[in-house]
Amino acid sequence: QKEVEQNSGPLSVPEGAIASLNCTYSDRGSQSFFWYRQYSGKSPELIMSIYSNGDKEDGRFTAQLNKASQYVSLLIRDSQPSDSATYLCAVSRDDKIIFGKGTRLHILP
Amino acid sequence: ETGVTQTPRHLVMGMTNKKSLKCEQHLGHNAMYWYKQSAKKPLELMFVYSLEERVENNSVPSRFSPECPNSSHLFLHLHTLQPEDSALYLCASSPGEGYEQYFGPGTRLTVT
């Protein structure tokens, strides 16, 4: 059973600090990796895609991928209360994409 | 309209009713998906369509019936639902299977 694992949280981070969200996956052949943000009662919104080892930065967000260790992470710098949401990790190989159960992030004002 | 749209946004139906959920994508994508998300639970993939052909059905009860008449439209026909079917139903599309998915706003369904 191919799996994507995330700590369900909640992860509480002070406003202005760096929030670090982690995701591990079991299929070593996974090729594409995505982070989604989902506010309560809303639909998931794609915020980052990463396909090769290393870091990818977009504004306050940085995705990090380490295929050897089979983990992908999302860093949020200068965390804001508006970043409070559930963050979903998704991993795909060929024509299959699997979502993790998500990590609830709470930014403390 | 841009992105992925879903109608209706909210639906209340009795267990004997028949209703349909509609999804339309304006992104030129080839794959479309139905997901169910119950309160405080993870996404559950229901159906996958690629180039208008159903390629996945994750053991969904027959009271849910999908239809994909073309690559831009996806329907979910509902009949004789149960209260436990109350959930947020999400439609998504992607350029192809395995690519990043873009979600619609969802239909909040309540079965009474």
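Let us look at the structure shown here. (Residues numbered from 1 in each chain as written. Chains lettered and ligands numbered in written order. Predicted model: local features only at pLDDT ≥ 70, side-chain atom pairs only at ≥ 80, totals over all residues. Heavy atoms only, no water.)

## Side note on the nonpolar core
Counting residues in hydrophobic clusters, the biggest one holds 23 residues, and the most contacted among them are A:Trp35, A:Val72, A:Leu74, A:Ile76 and A:Tyr87. At the level of elements, β3 (19–25), β4 (32–38), β5 (45–50), β7 (61–66), β8 (71–76), β9 (85–93) and β11 (103–108) of chain A are the ones that each hand at least two residues to this core. Grouped together as the second largest cluster of nonpolar side chains are 22 residues, B:Met13, B:Met32, B:Leu76 and B:Val111 included. (Core = buried A, V, L, I, M, F, W, Y, C linked by side-chain atoms within 4.5 Å. Buried < 20%, exposed > 50% of the residue type's maximum accessible area, 1.4 Å probe, protein only. Helix = DSSP H or I, 4+ residues; strand = E, 2+ residues; numbered from the N terminus.)

## Looking at the environment of B:His79
Residues and elements named next belong to chain B. Here His 79 shows up in strand β8 (residues 73–79). Considering only alpha carbons, one finds His 79 and Tyr 102, 23 residues apart in sequence, at a separation of 27 Å. Discounting residues that sit within four places of it in the chain, His 79 has contacts with Asn 17, Lys 18, Ser 62 and Arg 63. A polar atom in the side chain of His 79 sits 3.4 Å from the side chain of Thr 80. (Contact = heavy atoms within 4.5 Å. Polar contact = N/O pair within 3.5 Å; in protein donor to acceptor, adjacent residues only side chain to side chain.)

## What to know about the interface of chain B and chain A
Listed by partner, the interface residues are 17 residues for chain B and 18 residues for chain A. For the pair chain B and chain A, the summed buried surface comes to about 1300 Å²; carbon and sulfur atoms form 55% of the total. For A:Lys96, the salt bridge is made with B:Glu56, and the minimal N-O distance between the two is 2.7 Å. Linking chain B with chain A are 5 residue pairs in polar contact (both at pLDDT 80 or more). Mapped onto the side of chain B that touches chain A, the elements with two or more residues apiece are β4 (31–37), β9 (87–94) and β10 (102–103) of chain B. (Buried area = accessible area lost by both parts, 1.4 Å probe. Salt bridge = Lys/Arg side-chain N within 4 Å of Asp/Glu carboxyl O.)

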